[in-house]
Structure formats: structure tokens, C-alpha cells
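Here's the letter readout for the chains.
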Amino acid sequence: MSAVHAGVRAPGGRPSVPLLAVAHGSRDPRSAEAVSAVFDRVRALRPEMDVRLSYLDHVAPSAEDALEELAAGGAGEVVVLPTLLTAAFHSKVDLPAVLTGARERSPWLRVHYAATLGPHPLLLDAVERRLAEAGAHAEAGTALVLVSAGSSDAEANAVIESMARQLAERGPWGEVVAAYASAAEPTPGEAVRSLLERGHARVAVSGYLLAPGFFSDRVREQSTAAGAWVVADALGDVPELARVVLERYDAAVAARHAAV
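Now for a quick tour of the structure. (Residues numbered from 1 in each chain as written. Predicted model: local features only at pLDDT ≥ 70, side-chain atom pairs only at ≥ 80, totals over all residues. Heavy atoms only, no water.)

For strand E5 (residues 142-148), the buried fraction is high: 7 of the 7 residues fall into the buried class. Residue alternation in E5 divides its side chains into two sets, Thr142, Leu144, Leu146 and Ser148 and Ala143, Val145 and Val147, and both sets are buried. With 6 bridges connecting them, E5 and strand E7 (residues 202-207) associate as parallel partners. Bridged to Thr142 within E7 is Arg202. When E5 meets strand E6 (residues 175-180), the two strands line up parallel, connected through 6 bridges. Each residue of the ladder has a partner; that of Leu144, found in E6, is Val176. Handedness of the crossover joining E5 and E6 through helix H6 (residues 154-170): right-handed. (Buried < 20%, exposed > 50% of the residue type's maximum accessible area, 1.4 Å probe, protein only. Helix = DSSP H or I, 4+ residues; strand = E, 2+ residues; numbered from the N terminus. Pairing = 2+ DSSP bridges. Right-handed = clockwise from strand over helix to strand, strands pointing away.)

Shown next as C-alpha cells:
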């Protein structure tokens, strides 16, 4: 019997449930490279687990194709992880529609839907890591802009505002504000200019983005043009992300066992 059919054996001898991560996808190859690196790290932390990666758009395999491959290989269940930093349209509408179709095509495949990666305290650690790598640390003379991709979903944007408040509580930043690369205001440039006008000596910017690409380039360009002192890289391949992935997976598996 193949490893795909039987499931990779966990240390206790019981087959582990495969993990299918579903990322947004981008035409920019840097994005897929960064996401792949995160899941290479996950595989290194949990080598007994079948870890697969798929995308909603632009990059193969699609979530539909990956689910069909699992079903065709004899998998009886799978944890689907929306590899997204906030719960918005993709995790609430797009991906659930994909999962409904998969259940209709392969009714024997039990699909367990994990929570999105964020919000999570470890992601705040990852933001601080990227800022430190760029040379920025919490101090009274420096303000901080936390920039997400942005969404038409007000709840998703409210999560970013909450994260900005949590970052302000963690360290003595002069001020911390949220901004959005699309779909909401303020933009990164507007936020940087506003903080400078309010008298902050320096403004650091952190993109709360999973991977480099279109939005990270937009954040850097707008922030730099507005006078930002430092613009940190997208989160990308950081150990905190891999740990969040495993927490979300383990929670989904635990809920599946509790429901049986």
C-alpha cells in the first residue's frame, strides 16, 4: 500500500492526516518561492507528516487539483489550511466553495478546515523579527506603520488595527498605526506622512504580508516616497510562521478527534 494511500505514519504508528496548505498565489515567482520555503521548514519540523501546497490562483497546483489527487490516491481525510494572514473573502467564500465541490466529487474524503494563520501572537514576533533585521527597534522616537494587503472585509481590517495596538503595547514605539496596500485607508504613504506631520522623528514600516510580490513592492515604494526611515521585508520564511502552521494543523486534528 502506498504512503499516499495509507497516510504517513506518525510516531505512535497511527497514520497522520495529510496537510494541504492553500495559499493565495501570485504571478511574481518570489511569492511561491517564499511560501514553499515556509513549508519546507514545516516538513523539517514534522517529517512524518504528508505536507502539500496548493494555490487559489496563478500557480499550480490549484486547490481543486490537489484535493482530487489526494482523493485519487486513496486518502480518507485531509486538513486544509488557508495559508492567509487574515480571515476575509478568500477564507470565508472562495475556499469553502472549493471544499464543497471536493466533498461532492469525493464524498469519502473527510475535509477538516483549519483556521487562517492570523491573527496569532507568533506573527507579532515575526513582524518584530523582520523589523529588527531591517535595523528598527521599538523606541520613543520612532513610529511604526503595520501594513496589510487590505480587504473589503471590515473585520479583517479590524484585526490589523488590533495587531497595531498590540505592537504598541509590546514596545515603546512613539506610535503604531495600521495601513493598507489596497481596498482600505490609510495607504502606507498616507500613514507615513501623517506620522511625520505629527512630529515623529522617524517612521518604520512593516509589511504584514506573507510573501514578497506586488503588494510588498507597493508598500516599499509608497513608504519610501513618503519619507519612511526603514521598510521591513514581508514575513516570508521565518520560524514563527512554520510554528503557526503546525499549531493550526494540530488544532484541526484535535477538533476532528473530538468530533468522532
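Following the structure, the description resumes.
Along helix H7 (residues 188-197), the positions that sit buried rather than exposed are Pro188, Gly189, Ala191, Val192 and Leu195. For H7, the arc enclosing every buried residue in end-on projection is 165 degrees, short of the 170-degree limit, so these residues lie on one face. Taken together, the buried residues of H7 touch E5, E6, E7 and helix H8 (214-226). Positive backbone phi, approximately 100 degrees, marks Gly199, located one or two places after H7. (Arc of directions from axis to C-beta. Contact = heavy atoms within 4.5 Å.)

We now examine the pattern of salt bridges. Scanning the model with the defined rule gives 19 salt bridges in all. Glu77 is the salt-bridge partner of Arg110, the closest N and O atoms lying 3.9 Å from each other. Within this pair, whereas Arg110 is found in strand E4 (residues 110-113), its partner Glu77 is found in strand E3 (residues 77-83), the two being separated by 33 residues in sequence. Note on Glu77: relative accessible area 15%, which makes it buried. Two residues, Glu128 and Arg170, come together in a salt bridge whose shortest N-O distance is 2.9 Å. Remark: Arg170 occurs in helix H6 and Glu128 occurs in helix H5 (residues 121-134); sequence separation between them is 42 residues. (Salt bridge = Lys/Arg side-chain N within 4 Å of Asp/Glu carboxyl O.)

This part takes up the packing of H7 against H8. Any two packed helices are characterised by the angle at which their axes cross and by the distance between the axes. Contact geometry for H7 and H8: axes closest at 8 Å, N-to-C directions at 25 degrees. Viewed along their axes, H7 and H8 adopt a mutual orientation that is roughly parallel. Viewed along their axes, H7 and H8 form a crossing whose handedness is right-handed. Contact residues: H7 offers Pro188, Gly189, Val192, Arg193 and Leu196, while H8 offers Val219, Gln222, Ser223 and Ala226. Taken together, the residues that form the contact of H7 with H8 break down as 5 nonpolar, 3 polar and 1 charged. (Axes fitted to C-alpha atoms, helices over the stretch in contact; angles between N-to-C directions. Parallel < 35°, antiparallel > 145°, perpendicular 65-115°, else oblique. Left-handed = near helix turned anticlockwise from the far one by under 90°. Nonpolar A, V, L, I, M, F, W, Y, C, P; charged D, E, K, R; others polar.)

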